[in-house]
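Observations on the model geometry
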Amino acid sequence: MLLTLYLIGITAEAMTGALAAGRLKMDLFGVVMIATVTAFGGGSVRDILLGHYPLTWVAHPEYLLLTTLAALITTWIAPFMSRLRYLFLVLDALGLMAFTVIGAKIAIGMGLGAPIAALAGLITGMFGGVIRDLLCNRVPLVFQKELYAVVSLGAAALYLVLLHFMVPDWLAVPITVLSGFTVRLLALRFEWHLPRFEYNVPGD
Amino acid sequence: MLLTLYLIGITAEAMTGALAAGRLKMDLFGVVMIATVTAFGGGSVRDILLGHYPLTWVAHPEYLLLTTLAALITTWIAPFMSRLRYLFLVLDALGLMAFTVIGAKIAIGMGLGAPIAALAGLITGMFGGVIRDLLCNRVPLVFQKELYAVVSLGAAALYLVLLHFMVPDWLAVPITVLSGFTVRLLALRFEWHLPRFEYNVPGD
Amino acid sequence: MLLTLYLIGITAEAMTGALAAGRLKMDLFGVVMIATVTAFGGGSVRDILLGHYPLTWVAHPEYLLLTTLAALITTWIAPFMSRLRYLFLVLDALGLMAFTVIGAKIAIGMGLGAPIAALAGLITGMFGGVIRDLLCNRVPLVFQKELYAVVSLGAAALYLVLLHFMVPDWLAVPITVLSGFTVRLLALRFEWHLPRFEYNVPGD
């Protein structure tokens with residue numbers, strides 16, 4: 001199940017990357033590159049920070065075909081994307097949860113403690129979008145918008161708490177995914193967000 | 001002593017990150033993330049480039065609490081920060097020196113030669129700010145402003161020269177920190193800077 | 001021969017970095033840093049993604065002298081660079097091919113398959129420029145302009161096909177370099193480019 005969600009996740013992330021590239025009128029190569037980096041960026045940053053080799057796409061180059069296809073298909077269906085917006089956000093939320101759980105699992109498998117495992121889940125979930133936004137020369141959305149990264153961090157924490165209380169993995173994973181998914185959709189529906197910090201430099 | 005300076009350094013760096021996030025009106029999650037990345041970015045880039053695992057914050061997750069607290073406190077005391085500007089720059093200069101010496105030490109400990117050890121000091125000192133500025137979508141200050149990175153590189157070189165001439169480490173560290181600290185404050189006071197290179201593309 | 005081309009490549013890349021820094025009126029330290037990061041960024045990203053240590057410049061710090069010199073010389077000869085534009089593009093195309101072949105070779109040497117070897121060639125060729133553009137706060141040129149990265153990917157694929165059909169390395173390398181070099185110059189001459197994808201967000 002987690003693999004299915006992961007494949008949904010990299011597909012949804014690749015599509016967000018392709019759309020961001022399209023806003024900048026990139027060529028097809030740029031579209032595929034941004035899509036690929038968005039899909040695999042979070043997991044790659046996590047693996048590099050933890051020293052966890054080989055990276056997912058190095059071990060499974062076939063996943064690169066999937067994201068390349070997703071990027072190219074996005075260039076065809078983009079005019080209808082706004083009508084599919086809700087479906088797209090649902091898939092993206094599912095993918096976020098898959099990324100989060102997989103990231104936490106990898107850190108646990110390396111013998112790392114709960115704080116780093118929670119962070120590994122968060123990094124997997126959010127850094128694909130951060131790199132996409134960096135390459136597209138804008139401030140990462142995830143630092144400014146509704147609850148996205150925080151849902152990922154919260155879900156990672158929930159997963160670790162469940163494991164701590166001996167909930168078996170086959171139960172802890174769906175509980176985590178469903179809870180995080182629900183909170184994410186509620187956050188979108190009711191536009192929940194964290195307080196902002198506004199700092200105006202004196203004399204600027 | 002070096003650990004104390006290091007803790008001062010990550011606190012000061014986290015505060016610069018939080019302020020940069022506040023200028024972009026980020027939410028509290030973004031503030032904490034930018035602060036964390038600024039504080040640990042330099043050391044993380046160094047460790048990734050040298051293949052030196054585990055990274056500092058992976059081995060010591062408790063440091064993340066310190067920078068998170070520093071970021072949150074910054075959101076409260078920001079209105080008074082301009083009055084504390086001098087204190088802040090002093091702490092930042094101390095932290096820069098700690099980062100530089102620690103970076104050089106790690107490279108030496110890995111058996112790397114003096115040029116890479118000096119670079120490791122420089123990278124530790126400057127890359128936190130570089131990543132902060134990248135995430136905040138601006139050209140890194142360190143490439144444009146007064147002597148900051150150059151002081152770090154010079155201090156790293158001084159430290160390596162001292163070690164080369166058999167000055168014991170307990171003496172070489174404070175000499176390096178004090179010298180670099182002094183030069184950094186003088187550079188701020190007298191607005192020392194390097195010559196600029198200006199290139200206007202013909203026909204642009 | 002490949003080493004000569006590599007040295008030409010890092011020199012040409014360092015010069016593009018120095019010119020980009022000059023457009024932003026950076027100081028000499030910034031110029032040297034951007035030049036260095038541009039020259040070694042592609043190989044460093046490749047090595048970090050593949051877990052291939054030590055990085056080239058860590059093993060050969062003397063190459064850093066070459067790129068530093070190239071950066072400083074660029075600040076002197078910049079006013080005449082527009083007249084040298086053609087020579088410069090020729091050297092850059094040669095360097096791109098060297099980067100591509102070296103990147104693919106390293107992946108093969110690590111026992112990785114053809115898809116990752118081709119990507120390793122591409123990453124080596126293009127990521128120096130990507131990091132340069134990120135640090136200079138602009139959307140990476142390589143995602144928007146004429147055939148550059150695609151030539152690198154195609155050359156890497158050609159090289160792997162030649163090796164697959166038992167063409168000896170001493171023959172496969174010059175065939176690859178010459179083919180890719182020729183296509184790159186033709187792409188520049190006739191302004192070949194890929195189709196673009198343009199996406200306008202509804203209601204934006």
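Computed from a prediction, not measured in an experiment: that's the story for all the values here. The residue numbering used here restarts from 1 in each chain and proceeds along that chain's sequence as written. Just so you know, chain letters begin at A and ligand numbers begin at 1, following the order they were written in. This being a predicted model, a pLDDT of at least 70 is required before a residue's local features are given, and a value of 80 or more before pairs of side-chain atoms are given or counted; all residues contribute to the totals for chains, interfaces and linings. Where side-chain values are given, they derive from all heavy atoms of the structure, hydrogens and water being excluded.

**Section: unusual backbone geometry**
Looking along the chain, the bond that leaves Tyr53(A) and enters Pro54(A) is cis, with omega of -5 degrees. Segments assigned H or I by DSSP are reported as helices when at least four residues long, segments assigned E as strands when at least two residues long, and all are numbered from the N terminus. Among the secondary structure elements, Pro54(A) is positioned in the loop between α2 (28–50) and α3 (56–59). Despite not being glycine, Asn137(A) has its phi angle at roughly 60 degrees, a positive value. Tracing the chain through its elements places Asn137(A) in the loop between α6 (114–135) and α7 (149–164). Exposure categories follow from relative accessible area, calculated using a 1.4 Å probe and restricted to protein chains: below 20% of the type maximum is buried, above 50% is exposed, and the middle band is partly exposed. The partly exposed category is assigned to Asn137(A), whose relative accessible area is 25%. A positive phi angle, close to 50 degrees, is found at Glu191(C), a residue other than glycine. Topologically, Glu191(C) is positioned in the segment after α8 (169–190). Residue Glu191(C) is classed as exposed on the basis of its relative accessible area of 61%.

**Focus on the environment of Val183(A)**
All names here are of chain A. For Val183, the position within the fold is in helix α8 (residues 169–189). Between the C-alpha atom of Val183 and that of Ile77, which follows or precedes it by 106 residues, the distance is 29 Å. We call two residues in contact whenever any of their non-hydrogen atoms come within 4.5 Å of each other. Excluding residues that lie within four positions of it along the chain, Val183 makes contacts with Val151 and Trp192.

**Some words on α6(A)**
Residues and elements named next belong to chain A. Over its 22 residues, α6 extends 31 Å from the first C-alpha to the last, a length consistent with the 32 Å expected when each residue adds 1.5 Å. Think of it this way: the bend at a residue is just the angle between two axes, each fitted to seven residues, one set ending at that residue and the other starting at it. The sharpest bend along α6 measures roughly 40 degrees and falls at Met126. Within α6, 19 of the 22 residues are buried, which leaves the element mostly enclosed by the surrounding structure. Trailing α6 by a residue or two, Asn137 shows a phi angle of about 60 degrees, which is positive. Here a helix's expected span is defined as the number of its residues, less one, multiplied by 1.5 Å.

**Re a nonpolar patch on the surface**
All names here are of chain A. The patch calculation keeps residues exceeding 30% relative accessible area without a salt bridge and links them within 9 Å when they carry like charges or within 5 Å when they are nonpolar (Val, Leu, Ile, Met, Phe, Trp, Tyr). Shrake-Rupley sampling with a 1.4 Å probe provides the accessible areas, and residues are treated as covered by the protein chains on show and by no other component. Any Lys or Arg side-chain nitrogen located within 4 Å of an Asp or Glu carboxyl oxygen qualifies as a salt bridge. A cluster of nonpolar side chains, contributed by Val183, Leu186, Phe190 and Trp192, occupies part of the molecular surface with about 350 Å² of accessible area. By secondary structure assignment, the location of Leu186 is in helix α8. The class for Leu186 is partly exposed, based on a relative accessible area of 34%.

**Examining the relation of the copies chain C and chain A**
The least-squares superposition of copies is restricted to C-alpha atoms, and to residues with a pLDDT of at least 70 in both copies. The operation relating chain C to chain A is a screw motion whose rotation component is 120 degrees, with 0.0 Å of axial translation and a residual RMSD of 0.0 Å. Taken together, the turn and the small shift mark the pair as related by a three-fold rotation axis. Closest to the rotation axis within chain C is the C-alpha of Asn137(C), separated from it by 3.8 Å. Looking at chain C, a mere 12% of its interface residues are interface residues in chain A too, so the copies touch through different faces.

**Digging into the interface of chain C and chain A**
Listed as interface residues are 34 residues of chain C and, on the opposing side, 31 residues of chain A. Each partner contributes to the roughly 2,700 Å² buried at the junction of chain C and chain A, and carbon and sulfur atoms together form 74% of this total. By the criterion of area lost to chain A, the three top residues of chain C are Phe143(C), Phe197(C) and Tyr199(C), representing 30% of everything that side buries. Ionic pairing is found between Glu198(C) and Lys25(A), a salt bridge with its closest N-O pair at 3.9 Å. Polar contact is defined as a pair of N or O atoms within 3.5 Å, subject to the rule that within protein one atom must be able to donate a hydrogen and the other to accept it, and that residues adjacent in sequence are counted only when both atoms are side-chain atoms. For the interface between chain C and chain A, the tally reads eight residue pairs in polar contact (both at pLDDT 80 or more). Secondary structure elements with two or more residues in the side of chain C that touches chain A: α2 (28–50), α6 (114–135) and α7 (149–164) of chain C. Values labelled buried area give the accessible surface lost by two parts on being combined, using a 1.4 Å probe and summing over both.

**A look at the relation of the copies chain C and chain B**
The two copies are related by a screw operation: chain C maps onto chain B through 120 degrees of rotation and 0.0 Å of translation along the axis, at an RMSD of 0.0 Å. When the interface residues of chain C are mapped onto chain B, a mere 13% of them are again interface residues, pointing to distinct binding faces.

**Overview of the UniProt feature "domain: Glycine transporter" (unreviewed entry) in chain A**
Residue and element names in this part refer to chain A. Sites flagged by UniProt as "domain: Glycine transporter" (unreviewed entry) map to residues 4–77 and 90–162. Along residues 4–77, the helical share is 85% and the strand share 0%, with 23 Å between the first and last C-alpha atoms. Between the end C-alpha atoms of residues 90–162 there is a gap of 24 Å, over a span that is 77% helix and 0% strand. UniProt positions are given in the numbering used here, feature names are shortened, and annotations may be inferred rather than shown by experiment.

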